[in-house]
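Residues per chain, in single letters:
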Amino acid sequence: MCLFCKIASREVPAKILFEDDDVLAFADIHPAAPTHVLAIPKRHLASLDDAEPGDALLLGRVLLAAQRAAREAGLAASGYRVVLNTGRDAGQSVAHLHAHALGGRAMAWPPG
Ligand code: AMP
Ligand code: ZN
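The structure presented is a predicted model; accordingly, all values stated were derived computationally and were not measured. (Residues numbered from 1 in each chain as written. Chains lettered and ligands numbered in written order. Predicted model: local features only at pLDDT ≥ 70, side-chain atom pairs only at ≥ 80, totals over all residues. Heavy atoms only, no water.)

A. Spatial organisation of the coordination of the zinc ion (ligand 2). Protein coordination at the zinc ion (ligand 2): the donors are Cys2 (SG), Cys5 (SG), His44 (ND1) and His96 (ND1), at 2.0 to 2.3 Å from the metal. Along the chain, the residues that donate to the zinc ion (ligand 2) are spaced as C-x2-C-x38-H-x51-H. Of this pair, Cys2 sits in the segment before helix 1 (3–8) while His44 is found in the loop between strand 3 (35–41) and helix 2 (56–72), placing the two residues 42 residues apart along the sequence. Assessed through its relative accessible area of 38%, His44 is described here as partly exposed. (Donors = N, O, S within 2.8 Å, 3.2 Å for Na, K, Ca; no water. Helix = DSSP H or I, 4+ residues; strand = E, 2+ residues; numbered from the N terminus. Buried < 20%, exposed > 50% of the residue type's maximum accessible area, 1.4 Å probe, protein only.)

Here you go:
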């Protein structure tokens, strides 16, 4: 089982912010911004590149979980960034699809 599957099954502790039957949002252990939340599908999907058309609803739920966590952190007015690092060149380090929601400071563009 991968790290984020273990977080979803509570084998590894995390600060859980939101969950429903299909998705989970929890605090990133090494926050890169004042608010840094990860939203994941509970079902293992290695990356966005492994998603298929049948996963469309699940992907939408992951994004809405990121939105919810950002709103609950008070970021709706100031804004936030949602990122899905996908594969080696993007720096994906955990092979379970996750959307980062980052906010609470101004972001640079383009990302490094
Ligand atoms: P990525 O580099 O896009 O794959 O993002 C993986 C993220 O997972 C990083 O921001 C890590 O800080 C975060 N992370 C790794 N281990 C844990 C953990 N046990 N609990 C919460 N976040 C974690
Ligand atoms: Zn997994």
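B. Spotlight on the layout of surface pockets. Roughly 300 Å³ of volume is contained in the largest pocket. As for the largest pocket, its lining consists of 14 residues, of which Arg81, Val83, Asn85, Leu102 and Pro111 are closest to the centre. Residue assignment for the lining of the largest pocket shows that the elements contributing at least two residues are strand 4 (80–83) and strand 5 (99–103). For the lining of the largest pocket, the per-class residue count stands at eight nonpolar, four polar and two charged. Here the second largest pocket defines a volume of roughly 240 Å³. As for the second largest pocket, its lining consists of 18 residues, and the residues nearest its centre are Phe4, Phe26, Asp28, Ile29 and Leu38. The element best represented in the lining of the second largest pocket is helix 1, accounting for three residues. (1 Å grid on protein atoms, 1.4 Å probe; cavity = no way out; pocket = protein on both sides within 12 Å on 5 of 7 lines; lining within 4 Å. Points joined across faces, edges and corners; volume = space filled by probe spheres on them. Nonpolar A, V, L, I, M, F, W, Y, C, P; charged D, E, K, R; others polar.)

C. The packing of aromatic side chains, seen in detail. Scanning the entire structure with this criterion turns up one aromatic pair. Judged by centre distance (5.3 Å) and plane angle (80 degrees), the ring pair of Phe4 and Phe26 falls under edge-to-face. Here Phe4, found in helix 1, pairs with Phe26, found in strand 2 (residues 23–27); they are 22 residues apart in sequence, far enough to count as distant. Accessibility assignment for this pair places Phe4 and Phe26 in one class, buried. (Phe/Tyr/Trp six-rings, centres within 6.5 Å; stacked < 30°, edge-to-face > 60°.)

D. Representation of the sheet that holds strand 4 in the model. Spatially, the five strands line up as an open sheet ordered 1-2-3-5-4, and their pairing is antiparallel. Of all strands in the sheet, those bounded by a partner on one side alone are strand 1 (16–19) and strand 4. Between one strand axis and the next, the sheet turns by 20 degrees as a mean value, whatever way the strands run. Pairing of strand 1 with strand 2, which is carried by three bridges, proceeds in the antiparallel orientation. Paired with Ile16 across the bridge in strand 2 is Phe26. Seen against the sheet, helix 2 touches strand 1, strand 2, strand 3, strand 4 and strand 5 and runs at an angle of roughly 155 degrees to strand 3. (Pairing = 2+ DSSP bridges. Axes fitted to C-alpha atoms, helices over the stretch in contact; angles between N-to-C directions. Contact = heavy atoms within 4.5 Å.)

E. Seen up close, helix 2. In a regular helix each residue adds 1.5 Å, so 17 residues correspond to 24 Å; helix 2 covers 24 Å between its end C-alpha atoms and thus fits that length. Turning to helix 2, the residues buried within the fold contact strand 1, strand 2, strand 3, strand 4 and strand 5. Taken from the residues just after helix 2, Gly74 is the one with a positive phi, measuring 85 degrees. (Expected span 1.5 Å × (residues − 1).)

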